[in-house]
Amino acid sequence: IFRCWRHEAIYGRTSAMYSRQELMRSLVEQKNQCKRIEIAMNDSIESVAEMNHAMEKNFKVISLLKNEITKKDSLLEDHMMSLHNAEQDIIRMQSLVDCISMIEPKI
């Protein structure tokens, strides 16, 4: 009681008066929380490093696939031109056959 009265006389209130044990318990809790936060931060840093590695790997795969798509597009374009040329040859041959059948109907 005298301690509380003395504290109130000096500081004007008793609401901020804590015992040494309460302060030490609070300090220990804060240290434990800091350790947990540090562990979580280290785990997060490791996760970020793993994600960066996976992202670089995916970028390499994407660039390889882009190159493959470019090659396939070029091959497709070549095949389309070959198909167009073949169609034109078929039309020419058909008109040649039609012309010959008009000249020589017996064939």
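Right above here is the structure, for reference.
Conventions adopted
Residues numbered from 1 in each chain as written. Predicted model: local features only at pLDDT ≥ 70, side-chain atom pairs only at ≥ 80, totals over all residues. Heavy atoms only, no water. Helix = DSSP H or I, 4+ residues; strand = E, 2+ residues; numbered from the N terminus. Buried < 20%, exposed > 50% of the residue type's maximum accessible area, 1.4 Å probe, protein only. Salt bridge = Lys/Arg side-chain N within 4 Å of Asp/Glu carboxyl O. Patch = residues over 30% accessible without salt bridge, like charges linked within 9 Å, V, L, I, M, F, W, Y side chains within 5 Å. Areas by Shrake-Rupley, 256 points an atom, 1.4 Å probe, with all protein chains shown as cover.

Explain the overall build of the chain to me, please; I cannot follow it from the model alone.
From N to C terminus, the chain includes two helices and zero strands. In the chain, buried positions account for 1% of the 107 residues.

Would you mind showing me how to read the pattern of salt bridges here?
When the charged atoms of two side chains with opposite charge come close together, those side chains can pair. Within this structure, the stated rule accounts for one salt bridge. Here Arg92 makes a salt bridge to Asp89, at a shortest N to O gap of 2.1 Å. Of the two residues, Arg92 and Asp89 are both situated in helix α2 (residues 20-103); the distance of three residues between them amounts to about one turn of the helix.

How should I be thinking about a nonpolar patch on the surface in this particular structure?
Side chains of Met55, Phe59 and Ile62 sit close together on the surface and give an oily, nonpolar patch of about 300 Å² of accessible area. For Met55, the location among the structural elements is in helix α2. The class of Met55 is partly exposed, set by a relative accessible area of 41%.

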